[in-house]
Each structure stands twice: as C-alpha cells, then as structure tokens.
Amino acid sequence: MQHDLKQQYEAMGISAPVYEFGEKILDNLKERFQEIDRTAEFNQLKVLGAMQKHQVSEACLLGTTGYGYNDLGRDTLEEVYASVFHTESALVRPQITCGTHALALALMSNLRPGDELFSPVGKPYDTLEEVIGIRPSKGSLAEYGVSYRQTDLLPDGSFDLEAIRKNINGKTKLVTIQRSKGYQTRPTLSVERIGELISFIKAIKPDVLCMVDNCYGEFVETMEPSDVGADMVVGSLIKNPGGGLAPIGGYIAGRRECVENAAYRLTSPGLGKEVGASLGVLPQFYQGLFLAPTVTASALKGAIFAANIYEALGFSVVPNSVESRHDIIQAVTFGTPEGVIAFCEGIQAAAPVDSHVKPEPWDMPGYDAKVIMAAGAFVSGSSIELSADGPIREPYAVYFQGGLTWPHAKFGILRSLESLVGKGIVTL
Ligand SMILES: *Cc1c(COP(=O)(O)O)cnc(C)c1O
C-alpha cells in the first residue's frame, strides 16, 4: 500500500527524496495530529449539537428572494451560530461581503461620534486602517468623529498592562482585539490570553465593549473568544467557519444589543434582521459550518507540517515547529525573492483549479512592494483553501494557509518543496 502511495506521488510530480523527507517529518507529528483531531471532534459535536438544538430542517435549506421576510433558513442559521459561539445573537449574511466588511459593520454600528476605539494589541489588520481612519479614507470612523488609540504589545509579545490602563479613558467605548497575527510577526493570541486581557480591561471599565477579530481562529481551539468575555466575535465565511463551501459572507456573534446595532446598520434602522434575502447560499452556509471543524483541522495539520519541513531545512518559521497553534497561518522566511517565488509556484501547481497557471509578482493595490499569490481555489480569494502569498521585499517571507483536506495540504507542501529543490534553492 505504502509502495502504491509513493508511486501515486511520483505520478503527480513528487520525487522519491521529497516524499521520503516528508514521511520522516510526519513520523514525529503523530501526537500533535491526534490532538488536532480531538479538537475537531469536540468542535464537530458543538456544531452538530447547535444544528439539532435549533431543529435545522430541510426547509431551512431553501432560500428567499426580494425582501427576504420570514427567511426560516437564515434566521435558524443565525441561531445556530449564536449557539456555537455561546452568544445571545448572531448576524450571518451573504450581504456581508468579506471579513473587513463584517469588522467595519461591527465597529461603525456600535460606535457613535465622540466615542473612542482602542486596540490594546497593536496595529490592526491592514484593511482596518482605512476603516478606522489611521490611513485617511472616505467614510472612516475618524470622519464620523470617532477617535482611536492603540497600545503596542511589548517586545516579548506580552500585554503592556500599564499603558493599556492609561489609554482607557472616559471616551473609550469599544476595544478591538485581533486574535490572529495576520501578516505581522507578533504571536497569535490564544483564547485564554484574550480572556485574561478582557478581564483586565473590564476591571478598569466594566461597560466597555470588547470585540474580537476572530479571522483565521475559529475552531482552532475548543473555546472561542466569546466564551471568555468578548461581547462580539467577528469573522469571514471564506475563511474557517465557511468550511470552504460558503461562496461569500461574514458573521458577527455577540450580545443582542451589539448584533441588533449591526443589523440596523447593515440593512436600515427599523428593518434590521427582518430583511435580507438569503438567495441560494444557505445549503453552503450550513454544510460549510458543519465541515468547518475538520476543514480547520486539515489546514492546521498543513501549517504544522510546513513549519516542521522548512524549519528542518534551516529556514525561519513562525510559528515554529513545536509552538501551540491559535490560528491557521504559517510564515516561512526564505530570505530571497527566488525562494518566495518557487514556493508559491509549487503551491499553485498543487491546486485543483488553475494549476497550469504560473503566478507572477504584481503591484497589488495597498502594498508598497510587489506581491506574489498562489491561489487555485474553488471560491475566489478563499484562504481556507490552500493558498500562499508573499510580498517581494525583505525578509522575503511567504504566508501560507488553508487546505480543505489534509492530503491536499500535504501534497501542496511537498509540491512547494519539489519546486525549491528543482530550482536548486534547497538540497535534501
Ligand atoms: C482576513 C482578515 C481580515 C479581513 O478579511 P477579508 O475577508 O480579507 O476582508 C481581517 N482581520 C484578519 C486578522 C484577517 O485575517
């Protein structure tokens, strides 16, 4: 059987040395993979339990058009999300176009002129800079008279508690906490650490709202930030919770009043959650959520496999090969543009869609350097599917994430290694 598998890999362009190198690395990952499977098992039951509790029925899979009044499937799905995240309410809609939109919606609907937004964990994700107005933009929170403060993490990644205390003032209305490191070098926050931070903040100002940007973090642990005091958790359905099937969408789960504010902002004051046709996406939203725990587990295994492979070859990887994981992103620093390009070419060549296309670095809007992206995805731009991107600038790192199945994530990483070996960048 093992012999056949090796031949199968060879037929798919993976040479024997690359395959064997991968197997050697995998031998040491059995226990970690078991632990990931147990988390997936726990979360699978959590999702299933929520679906059963709210009596998801065949009728829930039918969509509505037009105004979308009395959309049973949409309303039930929102109850399911609220149960999964243990919150009072949730807003889960295809009209929320992406993660940035979901976060902007949560912020703009819960802040009023004169309020202050505070980030105690440093600079938020790039696209939020324009939402907040750190970089001036039309319609930013700054334009509406919402001010912003930030406390950076300390150099060792810990919270700067004294500075946080000083920055919380009479105007502070909402605290935004980004769980994932995103494309920065700081560590990703565990749910436990997020809980400690929220407790610290609420002890200083009990009525402040704590929102967590949950992107890339869903189902990586058995707890979510809403289990440790977050008033709102926010994310994208073309990342973890969409399970690779959701073709669009975002969610906000949290306290009833926060979610209601967001619904009034998304549609209209007075209408709120009552309108918003689900069109034809409900089967994918439900089934995607159902698959999300195991899909997230596959992506996590891929990230850990990549970290172990490339660390063993002498490259710097974040997180490193043994660290515990709180999101699905893996950074590998190659130190040369050729390394970044070869890696991305390998990931692209492993894709189910557009595998014949060669990715090229290009001038992407909003970036100060050329960026190369590998994404042969069923859902355009989906980063729960196997994908990688790297800015062509120092330190020449790639950010790798996703993999709908573990075998595909594994193949993608082996294919990337094959590409680096083929170009003489790596010798085994
Ligand atoms: C992806 C991401 C976002 C933005 O989501 P988009 O869907 O790309 O708009 C925000 N925050 C974090 C941490 C993310 O990873």
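As the structure is a computational prediction, the values presented were derived from the model and not from experiment.

**Some thoughts on the overall build of the protein chain**
(1) Moving on: The helix and strand inventory of the protein chain stands at twelve helices and twelve strands.
(2) Moving on: For the C-alpha atoms alone, the extent of the protein chain along its principal axes is close to 65 × 50 × 40 Å.
(3) Moving on: In the protein chain, which comprises 428 residues, the share counted as buried stands at 55%.
(4) Moving on: Long-range contacts, defined as pairs at least 24 residues apart, comprise 69% of the intrachain contacts of the protein chain with a sequence gap of at least 6.
(5) Moving on: A total accessible area of about 17900 Å² is found for the protein chain, and carbon and sulfur atoms account for 55% of it.

**Quick word on the packing of helix H2 (residues 16-27) against helix H10 (residues 282-312)**
(1) Moving on: Direction vectors running N to C along H2 and H10 enclose 115 degrees, while the axes themselves pass 10 Å from each other. In terms of orientation, H2 and H10 fall into the roughly perpendicular class. Crossing of H2 against H10: the hand is right-handed. On H10, the residues touching Phe21, Gly22, Ile25 and Leu26 of H2 are Phe305, Asn308, Ile309 and Ala312.
(2) Moving on: Partitioned by chemical class, the residues of the contact of H2 with H10 number six nonpolar, two polar and no charged.

**Quick notes on the sheet that holds strand E5 (residues 209-213)**
(1) Moving on: Strands sit in the order E1-E7-E6-E5-E4-E2-E3 across an open sheet of seven strands; the sheet is mixed. Each having just a single partner strand, strand E1 (89-93) and strand E3 (147-150) make up the two edges of the open sheet. The mean angle between the axes of side-by-side strands here comes to 20 degrees, regardless of whether they run parallel or antiparallel.
(2) Moving on: The pairing of strand E4 (residues 172-178) with E5 spans five bridges and is parallel. Paired with Thr176 across the two strands is Met211, which belongs to E5.
(3) Moving on: Most of the contacts of helix H5 (residues 99-110) go to strand E6 (residues 232-236), to which it runs at about 150 degrees, and overall it touches E1, strand E2 (116-119), E4, E5, E6 and strand E7 (250-254).

**Let's talk about the site of the ligand**
(1) Moving on: In the vicinity of the ligand, the contacting residues are Cys98, Gly99, Thr100, Leu103, Tyr125, Gln178, Asp213, Cys215, Tyr216, Ser236 and Lys239.
(2) Moving on: Interatomic distance of 2.7 Å between a backbone N/O atom of Gly99 and an oxygen atom of the ligand.
(3) Moving on: A distance of 2.5 Å is found between an oxygen atom of the ligand and a side-chain nitrogen or oxygen belonging to Thr100.
(4) Moving on: When residues in the shell around the ligand are grouped by element, the largest group, three residues, is from H5.

Scoring rules and cut-offs
- Residues numbered from 1 in each chain as written.
- Predicted model: local features only at pLDDT ≥ 70, side-chain atom pairs only at ≥ 80, totals over all residues.
- Heavy atoms only, no water.
- Helix = DSSP H or I, 4+ residues; strand = E, 2+ residues; numbered from the N terminus.
- Buried < 20%, exposed > 50% of the residue type's maximum accessible area, 1.4 Å probe, protein only.
- Contact = heavy atoms within 4.5 Å.
- Areas by Shrake-Rupley, 256 points an atom, 1.4 Å probe, with all protein chains shown as cover.
- Axes fitted to C-alpha atoms, helices over the stretch in contact; angles between N-to-C directions.
- Parallel < 35°, antiparallel > 145°, perpendicular 65-115°, else oblique.
- Left-handed = near helix turned anticlockwise from the far one by under 90°.
- Nonpolar A, V, L, I, M, F, W, Y, C, P; charged D, E, K, R; others polar.
- Pairing = 2+ DSSP bridges.
- Near = heavy atom within 4 Å.
- Polar contact = N/O pair within 3.5 Å; in protein donor to acceptor, adjacent residues only side chain to side chain.

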